Every structure is written in C-alpha cells, then in structure tokens.
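One-letter residues, chain by chain:
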Amino acid sequence: MATGDQDKSNELAEAVKTAVKNRARLTITGGGTKRFYAGDVEGDALDVTGHRGIVTYEPTELIVTARAGTTLRELEAALAEKGQMLAFEPPWFGEAATLGGTIACGFSGPRRPYAGSARDFVLGTRIINGRGEILHFGGEVMKNVAGYDVSRLMVGALGSLGVLLEVSLKVLPIPAKETTLWFEMPANKAIDVINALGAQPLPLSAACHLGDKLYIRLSGSELGVQAARDKLNGKTLDKGNDFWHDIREHRSRFFQDAAPLWRLSVPPATPAINLPGKWLHDWGGAQRWLKSEAPAKEIQEKAESVDGYATLFRRSSRHGAQFHPLPKQLSELHRNLKRAFDPDGTLNRELFSPVQSAA
Amino acid sequence: MSTPQPTLPSVSRESLAHQLREKLPRNAVLTDAEDMRPYECDGLSAYRRLPWIVALPEDIAQASYVLKLCASHNIPVVARGAGTGLSGGALPHEAGVLLSLSKFNKILEVDPVNRTATVQPGVRNLAISEAASPHGLYYAPDPSSQLACSIGGNVAENSGGVHCLKYGLTVHNVTGMKFMTMDGELIQLGGKALDIPGYDLLALMTGSEGMLGVMVEFTVKLLPKPERAQVVLAVFDEIEKAGDAVAAIIAQGFVPAGLEMMDKLAIKATEEYAKAGYPLDAEAILLCELDGTAEEVSEGIAEIRTLLLKQGAAEVRTAKDEAERLRMWAGRKAAFPAVGRLSPDYYCMDGTIPRKHLAKVLTRIGELSKEYGLAVANVFHAGDGNLHPLILYNANNEGELEKTEALGSKILEFCIAVGGTVTGEHGVGIEKINQMCLQFSKGEIEQFHALKAAFDPHGLLNPGKAVPTLSRCAEFGRMHVHSGKLAYSDLERF
C-alpha cells in the first residue's frame, strides 16, 4: 500500500446523508482536471481526492480495484510495474486526474476502437447513492450477470447517479511491440483506407487522420507487428508514443486555438462531414474532433443526419460541455433513472445536461 | 421500495385474445393448452408453467399493440426468444401474455464497411457470422448453444462464450438497439457509432433479462476473422497444476482467444460422446487457443507449449491441422449433451469465481458431491473464471431434483463466499433468485427495484424474475451477511 491510502467511504456517505437532510446540493470533486467538461456548478464540494489507494490488484486475474480518488498516475504506474495497462488509454487532461473523474466522464483514448472503451473495462463499482447508502454492484470477476449492470451505467453519468467510491477494472498486458506508420492522403481517402484495413486481421491499435496524413499504430508481438508493417508499407514515425500521447491529451497543435472544440461520434466509415472548421479524425473515423464557430444547432443536426451525435466538448467559458439533446421518451427515462438513484437531486444536480436539455 | 406485483387482469382471456386478434393474425394468438405447450418452459425444463395467452407479433407495430393493450389491462408480459435460456428467464406468467419474438427473424443489414450487422431479435447467433462470412467478418460472442440461441436472448442475458476473455461479452459487441417500453413506445439507442449520448442505457439493457423493455432490433459489431487460430491441449494429473498453468499463461502476457478446462468426469463423458481424443486418465485438461496473424500465433504457441510443460503438464499436444483443432474443440462444445448421455438428467450451474480460488472451489464441490451422493462434472471457462458444474441426477427418483437444487445452491453460496457471483452468463431468471438475497444487500436490492420502476412503474415486464422481493429474501431465510450483521434483520420472518 502506498502512503496516504485512505478509506473515507463512511465519511463521504455521512456527508451525503447530511446534505439530503439539509436539502443541500453537492458537487463531487476530484482532481479538477475535467472541470472544463463539467463546468462550474452550484453546490457544496464533496471532495473525494482523500479517498484513495489501490484496494486489490491481481495481475494474473487481469483485475485491479482502486478507490475513486486514486490518481491515474499512481494506478498506471502500479500496472506498468507488472507489464499491464488500462487498455482504454484514458486521457488525463492534467497530473491530478483521478480514476473516479475518468470513469464519471467515461473518456477513452486512441486505443478505444480496437480495444474497447472505459465502460467496456469496468467490472464493478462501489457507490454512494443519493440516499447516502453505500452499494456494491458487479465485482472482481470477468463475467457477472447477477442484477442490472449498474456499474457500467455509472460510466459517463458524471456523478449524477451516485458518488463513485471504488472501481474494479479489467486490465490487459502492455503489447510487446508498438510502432506507428504514416501515409500522406486527404481525409476522405484516409477514412476509406482505415475502414478497409479494419476489416482485415491486422494488429491495429489506433488510427487517426490529422492535417494531410493518416497515422496508424500497430501493437502486438514483435513478429506480428513486423509482418503487418511489411504488409502496409508506410513510413515509420519516430516518436510514435509522443504523437499518440499528444492526441490523447489534446496537446497536438490542432487543439491549440480559441475556437470551440466539438466531438462528433459517428459511424466510422462516414465520409468527411461538410461543416466549417478544422477536423481531426480519430478512432478510425468514429470520433471526429471539430474546431468550429458554427452554431450548435447546425453541428448537431449534421451529426444526426449521419446517425451520430455531437457534444460541445470544450469552450472558453466556464459552462462546461453542451450535450446532444435527447428525444422526449429517452430524456424521460433519464429523469426517471436520476430519481431512482438520487430522489432529492442532491448529487451533481446540474451537471448532466441531457436531462436538463429535455426538461 | 419494492416492485409492485401485478394485480388481477381486468379482462377475461377470451376478451383479450379477441382484442389481440384485431391487429394480429388469427394464428398468432394462442389460447389452447395444446398450442401453448411448447412455450411452457425454456432450456431450464425443471420449471414449467402454461402461459395465459401466447402472442406472436410479426412486426414492431404489432408488438407495440400487444404491449399497449397489456399495459392498459394491467397484464404481465414475458418476452421470449429461441427458448434456449438456462435460468428460466422465459418461464411464462400464469396470468400473463407470453410475447414470442420468433417471427422477428430477419437480418436487416450487413454493413461490411462500418463492420456492423443490424438484426432482429429472433436471428440465431451463428446466422450472423454466416451472413458476415463472405466479407471476412464474424460476430464474436459464441455461446455453446450458438446454433440455436437467438441474439435477442443473448442480449437479454449478456451471454458469453468460449472466446470472451479476448473478445468480450455481448455487452461489448452491441452498438445499437431499439426497444419498447411496457407502454409500447419505441426507443432507439445508438446505431453504428461506437457510443451513445446520455446515460449508457445500452449497457444497462444488456443482461436486463426482459425486465426493463422488449428489445426488437440490434446493431452488433463484426470483427475480421483472425488469419490463423491454433489450439494446444495440455494434460494434467492434478487439477491444481492446471489452475496454476492458467495463471502462468496470463502472467506471461497472453490473452488467449479461448482457455477452457475440464475435469475427469467431464473428460470421460465427452470422450465417449464426441471422440475428441482426450486422454481418459487425466485429472484435468486445458485447451488454450491463440488467434491473430500467422506470425503472432506461431510465436505464441511455441512459448505456451514450453510454459505448460514447465508448469507440469504431463503432455502437450498441438493440433496438427484445422481438422484436429476443430475436433479438440468439438469435445468441449459437446460437453453438455455428452454429460446428458451419462445421466437421465443434469443440472448446469453458472458461478463465476476469482480464478485463484479454483482449486479450493473444486475441492469443495467434490466434498459436496459426496455429501449429497450426486456426481458432478466440471467444465470451466478458465480464462474468465466462469465455472459450469453439471450435477448428474435422475428426476424420476423421488426427491432427487430437490436434492440437486440444494446441492446447486450450496455450490453457488460457496462461489459468493470466495468473492464470485451466482451467475456468469446464464442469468438469474427464476432459478437463482433466492441466491440473489445472499449476494446483494437490502439497499442494493431496493436500488434494483427502483431502477426497474424507472422503466416499468407497474412491474408488468417479466414479474418475479431476476431480482427477488425483500419478502422473498426474508422467506428464503439465508441472507447476505455484511460485517457480521444480518442484512434483513428489520424484516418480519415468515
């Protein structure tokens, strides 16, 4: 156990109970690295950063359980020591990033289309619901269909259904070899190429189009990666790791200007979308970043027209993300679910705007 | 709170059947006992009950009509796919409509570029891979019943299969769905994009056992068929050695496509049935399959061979060709019917355990087997800890089914005690409902009921399944014990 590990479950649960009694609202806070997404909201801070530490880690079971306040830095270092990793390659967006904030936001990095998303790797959670009850769902096993999948429901719920206390995750071995290739081509061609390659048995682990180049990462055994590289015949990128790190952390130059940043989630083979602004196609075409001043309505309608959706991910103000509006019946279900977990609206009340936008 | 139990219907059976026939074809509404007999049970045939009415809608509009009508009369609805489920999840309600989705059997689209298939719930699991095959693609989750089971049931139960350590469960392979709420409203979640806006209802609906909505369409991921797959069979004279070998393979950094273990009785049964070439004197065998590029697989198989021998395998065989690989798997896939030949009846359990406790759990199962005088064969998805003990019994011997269920219950309790779960992939259904009281606290069960009520406020969808009422837990008498406290101590005992 690392120094500073602490179990503050009971204190946090008491704080929620007190807030319910006083009809107060709570804003769950971690390292604060994703405040740009959550926005500044009213409510007394419920700081979970003190509730930290790895609870169990069984490398031969491929499972780790850690408290929500554990930093990604600490967690990923512990895994790396045993040659393992979080295969959804979560963005940190800052040194202080915690596991709880990462799961609450449900962010995944470049490896996502080929390895799976944050929610795919969640096996169990311990939460505090809006009544201040400590509840445990899922567990530390790979397969578990006892009860509804509340654990995965928590991923991306932005703390609006419960305070995350612990998360159990499936982990995977770090590939023996990784290499990044690049090919010069325009976006539309890149979308075609990468989706054609996606249908072949290749050890792909990331693919994005930026500027006028398609970048492809290969991961696997030494021989497997070598064989794929020979087959694809691209140019090798020297500092591949740094490249993908900068894409993941939004540090590439693409992200460095004041225009609002939109995230479009669309079927991967969707041809280049006609909207004004600059594009970065990640996730083999399934996740598209757009720097654009176009009105929200125009962008969201365009995303819907190709069977996707659009989120205003980062903007200069402190309002946080702006989510895609949901159809009426679906937002009703969201409101019912929120009430089922947090009847008094104590937890992160204003954070989840799909619920709001429909209200 | 507790899910409300449906009250008595406000119409007669004849009247409801008449109203159903206003929108459904005459022969799509069954009320005669003889016609309804095929629907009285699913794959767990120990539980049987005739439904009140069977409805077989042909399209979404008809299914929506059935739901609206039932909602207006307060009549329970149990949705059913191919009926291969092993937990009694599709057991009919005696005062309810059994909604069969067997006519929803079309593959609507195979999209080779986005690598998805859009299918109706009645499509068989294997049919998806067959339709995708010309494009070099397949649908990865492969429950052993994949020839017969339908995708609707797979999603409702979040089915696994022998390849799920590497390729995930059903929940990892569904990107979109359409479902209807109890009041017949159609809701669409996602499609071919990789995620959906709002709460992750796709994950929540998967494995929800027909309790939250009636699912009528899915978009599933298709993966490229691996260039090469190769399997090794390792023979062990002690079950512990086989368990340790599994841990060693994972520790070495391998994520095998399949990693299966069988014990002596299971080996004997399958060998007699499938002639897979399994050694009869082994205490355990391990099947380990790698897939991927040809280079990767060759490299990996060589390493795994060495590793298994180091771990004390008495023998390690590598399939010399594709025919032998398929033969090695044929034995494992036929384990259930093979055990069925050894004994008039068998009862399949589905616990999942942290793998490190395998030896302890198998030893305990052996003791319980002696204590109850019933043989148990074990097949094990060793990669992901999912254990299928098969209890051999004869239903014609008086009291033997009850004894079998008692033994099964003891096994599941032991799985919970070592940190596992009562069901890895078959679902709770009606079968494991009592054991849910042991695995979950009162607050957790109440949260499940509140969640269901968010979708189905009158508790009409599949009532009495998946999540026990608190009074049922009190009646069951054995409780989830947390920190030495009895979980339901404030409830009256029956």
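Counting restarts for each chain: residues are numbered from 1 in the order of the written sequence. Written order determines the labels here, with chains lettered from A and ligands numbered from 1. Selection of residues for local features in this predicted model requires a pLDDT of at least 70, selection of side-chain atom pairs for listing and counting requires 80 or more, and totals for whole chains, interfaces and linings are taken over all residues.

### Thoughts on the overall build of chain B
Consideration 1: Only runs of H or I of at least four residues qualify as helices and only runs of E of at least two qualify as strands under DSSP, and these elements are numbered from the N terminus. Counting secondary structure elements, chain B contains 17 helices and 20 strands.
Consideration 2: A globule of 494 residues ought to have a C-alpha radius of gyration of about 23 Å, and chain B, at 23 Å, matches this closely.
Consideration 3: With the C-alpha coordinates of chain B rotated into their principal frame, the extents come out at 70 × 55 × 45 Å.
Consideration 4: Exposure classification rests on a simple neighbour count of other C-beta atoms within 10 Å of a residue's own: a residue reaching 20 or more is buried, one at 12 or fewer is exposed, and one in between is partly exposed. C-beta atoms are placed from the backbone. Per-residue burial over chain B gives 58% buried out of 494 residues. The atom set for the radius of gyration is the C-alpha atoms, and the globule formula is 2.2 Å times the number of residues raised to the power 0.38.

### As for the overall build of chain A
Consideration 1: Helices and strands together make up the secondary structure of chain A, namely 13 helices and 17 strands.
Consideration 2: The C-alpha radius of gyration computed for chain A amounts to 21 Å, which stays within 12% of the reference 21 Å derived for 359 residues, consistent with globular compactness.
Consideration 3: Projected onto its principal axes, the C-alpha positions of chain A cover 65 × 50 × 35 Å.
Consideration 4: Counting over 359 residues, chain A shows a buried share of 54%.

### Focus: the interface of chain B and chain A
Consideration 1: Contact between two residues is assigned when their C-beta atoms, built from the backbone, lie within 7 Å. Opposite the 77 residues of chain B that make contact, chain A presents 68 residues.
Consideration 2: For the side of chain B that touches chain A, the elements supplying multiple residues, two or more each, are helix H6 (164–167), helix H7 (201–205), helix H8 (239–251), helix H10 (294–310), helix H15 (433–439) and helix H16 (442–455) of chain B.
Consideration 3: It is H16 of chain B that provides the largest number of residues to the side of chain B that touches chain A, a total of nine residues.
Consideration 4: Throughout this entry, Asp, Glu, Lys and Arg are counted as charged residues, while Ala, Val, Leu, Ile, Met, Phe, Trp, Tyr, Cys and Pro are counted as nonpolar. The remaining residues, Gly among them, count as polar. Of the residues contributing to the side of chain B that touches chain A, the split by class is 33 nonpolar, 28 polar and 16 charged.

### Quick notes on the confidence of the model for chain B
Residues and elements named next belong to chain B.
Consideration 1: Per-residue confidence for chain B gives a mean pLDDT of 91, with 95% of residues at or over 70.
Consideration 2: Summary of the metric used: pLDDT quantifies the predictor's per-residue confidence within the range 0 to 100. Low confidence marks residues 481–494, where pLDDT is under 50. Its contacts with residues over four positions away, or in another chain, come to 20 contacts.
Consideration 3: At the level of chain-chain contacts, confidence expressed as ipTM amounts to 0.96, with global pTM at 0.94.

### Re the nonpolar core
If you look at soluble globular proteins, the nonpolar side chains tend to sit buried side by side.
Consideration 1: Nonpolar cores are built from buried Ala, Val, Leu, Ile, Met, Phe, Trp, Tyr and Cys residues. These are joined into a set through C-beta atoms within 7 Å. Membership of the largest hydrophobic core comes to 213 residues, with the highest contact counts inside it found for Val163 of chain A together with Leu99, Ala234, Ile285 and Leu286 of chain B.
Consideration 2: Not counting residues within four places of it along the chain, the set of residues in contact with Val163 of chain A comprises Leu12, Val16, Ile28, Leu46, Val48, Ile127, Ile128 and Leu347 of chain A.
Consideration 3: The next biggest cluster of nonpolar side chains, apart from the first, holds 40 residues, and it includes Ala187, Ala190, Leu202 and Ala303 of chain A.

### Notes on unusual backbone geometry
Only a minority of non-glycine residues have a phi that is not negative, and only a minority of peptide bonds are not trans.
All names here are of chain A.
Consideration 1: Residues other than glycine seldom take positive phi values, yet Leu62 does so here, at roughly 60°.
Consideration 2: Of note in this structure, Trp283 is not a glycine but carries a positive phi near 55°.
Consideration 3: Counting through the fold element by element, Trp283 comes out in the loop between strand E15 (278–282) and strand E16 (287–291).

### Notes on the domain arrangement of chain A
Residue and element names in this part refer to chain A.
Consideration 1: Where a domain begins and ends is set by an automatic assignment or by a domain database. The assigned domain composition of chain A is domain 1 (9–173), domain 2 (176–255) and domain 3 (257–322).
Consideration 2: Taking only C-alpha atoms into account, the centre of domain 2 sits 22 Å from that of domain 3.
Consideration 3: Listed per partner, the contact involves 14 residues of domain 2 and 12 residues of domain 3.
Consideration 4: Of all elements in the fold, only helix H8 (187–198) and strand E11 (204–210) reach the threshold of two or more residues within the side of domain 2 that touches domain 3.

### Considerations on the domain arrangement of chain B
All names here are of chain B.
Consideration 1: Once the domains are mapped, chain B shows domain 1 (13–100), domain 2 (107–224), domain 3 (228–336), domain 4 (343–431) and domain 5 (435–486).
Consideration 2: Taking the mean C-alpha position of each, domain 1 and domain 2 sit 23 Å from one another.
Consideration 3: With 15 residues of domain 1 in contact, the opposing surface of domain 2 contributes 19 residues.
Consideration 4: Secondary-structure elements contributing two or more residues to the side of domain 1 that touches domain 2 are helix H3 (60–73) and strand E3 (77–80).

### Some words on the environment of Leu387 of chain B
Residues and elements named next belong to chain B.
Consideration 1: Its location among the elements puts Leu387 in strand E18 (residues 386–393).
Consideration 2: Taking C-alpha positions, Leu387 is 27 Å from Val297, a pair spaced 90 residues apart along the chain.
Consideration 3: Dropping the residues within four chain positions of it, Leu387 is found in contact with Gly351, Thr352, Ile353, Val361, Asn378 and Phe380.

### A few points about the confidence of the model for chain A
Consideration 1: Residues at a pLDDT of 70 or more form 96% of chain A, whose mean pLDDT is 94.
Consideration 2: Scored below 50 in pLDDT, residues 353–359 of chain A shows 19 contacts in the model against residues more than four places distant or in partner chains.

### Describing the sheet that holds strand E15 (residues 315–318) of chain B
Residue and element names in this part refer to chain B.
Consideration 1: Taken in spatial order, the seven strands of this open sheet run E15-E12-E14-E13-E17-E18-E16, and their pairing is antiparallel. Looking along the sheet, the strands with just one partner apiece sit at the ends: E15 and strand E16 (345–348). Strand-to-strand twist in this sheet, taken as the mean axis angle between neighbours without regard to direction, amounts to 15°.
Consideration 2: The sheet contact formed by strand E12 (residues 228–236) and E15 spans four bridges and is antiparallel. Residue pairing across strands places Val232 opposite Thr318, the latter belonging to E15. Pairing between two strands requires that DSSP report at least two bridges joining them. Fitted lines through C-alpha atoms give the axes, limited to the stretch in contact for helices. The angle between two N-to-C directions lies from 0 to 180 degrees.

### A look at the environment of Cys164 of chain B
All names here are of chain B.
Consideration 1: Mapped onto the elements, Cys164 comes out in helix H6.
Consideration 2: Since 27 C-beta atoms lie within 10 Å of it, Cys164 is described here as buried.
Consideration 3: Separated by 259 residues in the primary sequence, Cys164 and Thr423 place their C-alpha atoms 15 Å from one another.

### Points about helix H3 (residues 72–81) of chain A
One turn of an α-helix holds 3.6 residues; hence residues three or four places apart share an orientation.
Residues and elements named next belong to chain A.
Consideration 1: The set of residues buried in H3 consists of Leu72, Leu75 and Leu79. Buried positions in H3, seen along its axis, are confined to an arc of 70° and lie on one side of it. Along H3, the residues that are exposed and aim more than 90 degrees away from the buried face are Ala77, Ala80 and Glu81.
Consideration 2: Residues of H3 that are buried in the fold lie against strand E3 (54–58), strand E4 (63–67), strand E5 (84–85) and helix H4 (99–105).
Consideration 3: Within two residues after H3, Gly83 carries a phi angle of roughly 70°, on the positive side. Here the arc refers to the set of directions running from the helix axis out to each C-beta atom.

### Details of helix H12 (residues 328–341) of chain A
Residues and elements named next belong to chain A.
Consideration 1: Over its 14 residues, H12 runs 20 Å from end to end, which matches the ideal 20 Å to within 8%, given 1.5 Å per residue.
Consideration 2: Three or more residues of H12 are buried, namely Leu330, Leu333, His334, Leu337, Lys338, Ala340 and Phe341. Projection of H12 onto a plane perpendicular to its axis shows the buried side chains occupying an angular sector of 160°, all on one side. Expected helix span is computed as 1.5 Å times (number of residues minus one).

### Regarding the sheet that holds strand E6 (residues 116–119) of chain B
All names here are of chain B.
Consideration 1: If you trace the five strands from one edge of the open sheet to the other, you get E5-E6-E10-E8-E9, paired in antiparallel fashion. Each edge of the open sheet carries a strand with a single partner, namely strand E5 (107–111) and strand E9 (186–190). Geometrically, the sheet is characterised by an average inter-axis angle of 10° between neighbouring strands, direction not taken into account.
Consideration 2: Sheet topology places E6 next to strand E10 (residues 214–221); four bridges connect them, and they run antiparallel.

### Some details on the packing of H8 of chain B against helix H13 (residues 358–372) of chain B
When two helices pack together, their arrangement is given by the angle between their axes and by how far apart the axes lie.
Residues and elements named next belong to chain B.
Consideration 1: Direction vectors running N to C along H8 and H13 enclose 150°, while the axes themselves pass 9 Å from each other. Comparing the axis directions of H8 and H13 gives the class roughly antiparallel. In terms of crossing hand, the pair formed by H8 and H13 is right-handed. Residues Ile239, Glu240 and Gly243 of H8 lie in contact with H13, whose contacting residues are Leu358, Ala359 and Leu362.
Consideration 2: Residue classes in the contact of H8 with H13 are distributed as four nonpolar, one polar and one charged. Oblique is the label for every angle not falling under 35 degrees (roughly parallel), over 145 degrees (roughly antiparallel), or within 65 to 115 degrees (roughly perpendicular). In this scheme the handedness of a crossing depends on how the near helix is turned from the far one: anticlockwise by less than a right angle means left-handed, clockwise means right-handed.

### Details of the packing of H12 of chain A against H16 of chain B
Consideration 1: Put simply, H12 of chain A and H16 of chain B touch, their axes get as near as 8 Å, and they point 160° apart. Here H12 of chain A lies roughly antiparallel to H16 of chain B, going by the angle between them. Once H12 of chain A is placed against H16 of chain B, the crossing between them reads as right-handed. Contacts between H12 of chain A and H16 of chain B involve Leu333, Asn336, Leu337 and Ala340 of chain A from the former and Ala450, Leu451, Ala453, Ala454 and Phe455 of chain B from the latter.

### Describing the environment of Ala157 of chain A
Consideration 1: Mapped onto the elements, Ala157 of chain A comes out in the loop between helix H7 (150–153) and strand E8 (163–170).
Consideration 2: A tally of 27 C-beta atoms within 10 Å means that Ala157 of chain A is categorised as buried.
Consideration 3: Residues Ala157 of chain A and Cys105 of chain A, 52 residues apart in the sequence, show an inter-C-alpha distance of 6.8 Å.
Consideration 4: Every residue in contact with Ala157 of chain A, bar those within four places of it in the chain, is listed here: Ala104 of chain A together with Tyr199 of chain B.

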